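# Results of the structural survey
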Amino acid sequence: LMPRHKTNGEDVPAYVVDARHGTQTMMIINSLIPWLAQRSTVEIEIKATRMWTLHPVEKFIQYCKEDWDYYCDRLRKEGLSGPEYPYTADAVGRYLKAYEAEHQAATERSRAM
């Protein structure tokens, strides 16, 4: 009953699965082990906290801008033009705060049920 996955013979190892496989696997595991389903809300919070602790917004934006500029430079070498990087740390901070507020409200609604 469990989905199986093998390497496709290319550069993709067997442990890299597509969304369908991952979703099916987690649905089966969560239905067979309810404790894991209950724990997932805690893990989501830990993952988000760890992500933003290890990769602050300013650092993340810096990496994104460097990557963006690299490709724009390549375009310029080909005689094309690329736009300037459109996001600032302030804008992304606002997006993140809006996301966190929405996430907090959704978490509180789900706990109230």
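The structure this text deals with has already been given above.
In this report, we go over the structure that sits alongside the text. (Residues numbered from 1 in each chain as written. Predicted model: local features only at pLDDT ≥ 70, side-chain atom pairs only at ≥ 80, totals over all residues. Heavy atoms only, no water.)

This brings us to a nonpolar patch on the surface. The grouping of Val12, Tyr15 and Val16 at the surface amounts to a nonpolar patch, some 310 Å² of accessible area in total. Val12 sits in the partly exposed class, given a relative accessible area of 32%. (Patch = residues over 30% accessible without salt bridge, like charges linked within 9 Å, V, L, I, M, F, W, Y side chains within 5 Å. Areas by Shrake-Rupley, 256 points an atom, 1.4 Å probe, with all protein chains shown as cover. Salt bridge = Lys/Arg side-chain N within 4 Å of Asp/Glu carboxyl O. Buried < 20%, exposed > 50% of the residue type's maximum accessible area, 1.4 Å probe, protein only.)

Its 21 residues place the ends of helix α3 (residues 57-77) 30 Å apart at the C-alpha level, agreeing with the 30 Å of an ideal helix rising 1.5 Å per residue. Of the surrounding elements, those touching the buried residues of α3 are α2 (34-54) and α4 (89-112). Two residues or fewer after α3 comes Gly79, characterised by a positive phi angle close to 85°. (Helix = DSSP H or I, 4+ residues; strand = E, 2+ residues; numbered from the N terminus. Expected span 1.5 Å × (residues − 1). Contact = heavy atoms within 4.5 Å.)

In contact at an axis separation of 4 Å, helix α1 (residues 19-32) and α2 are set at 110° when each is read in the N-to-C sense. Relative to α2, the element α1 lies roughly perpendicular. Residues Ile29, Asn30, Ser31 and Leu32 of α1 form the contact with α2, whose own contacting residues are Pro34, Leu36 and Ala37. Here the residues of the contact of α1 with α2 are counted per class, giving 5 nonpolar, 2 polar and no charged. (Axes fitted to C-alpha atoms, helices over the stretch in contact; angles between N-to-C directions. Parallel < 35°, antiparallel > 145°, perpendicular 65-115°, else oblique. Nonpolar A, V, L, I, M, F, W, Y, C, P; charged D, E, K, R; others polar.)

With respect to the secondary-structure elements, Pro83 resides in the loop between α3 and α4. You can call Pro83 exposed: its relative accessible area is 53%. As for Pro83 and Cys72, which are separated by 11 residues in sequence, their C-alpha atoms are 7.4 Å apart. If sequence neighbours within four positions are ignored, Pro83 has contacts with Trp68 and Cys72.

The tally for this structure, following the rule as stated, stands at 3 salt bridges. Note that Arg76 is salt-bridged to Asp73, the shortest N-O span being 3.0 Å. You can see Arg76 and its partner Asp73 sitting in helix α3, 3 residues apart, about one turn around the helix. Residue classification places Arg76 among the partly exposed residues on the basis of a relative accessible area of 39%. Note on Asp73: relative accessible area 39%, which makes it partly exposed. A salt bridge links Glu84 to Arg76; its shortest N-O distance comes to 3.8 Å. Taken together, the shared-partner salt bridges in this structure form one network comprising Asp73, Arg76 and Glu84.

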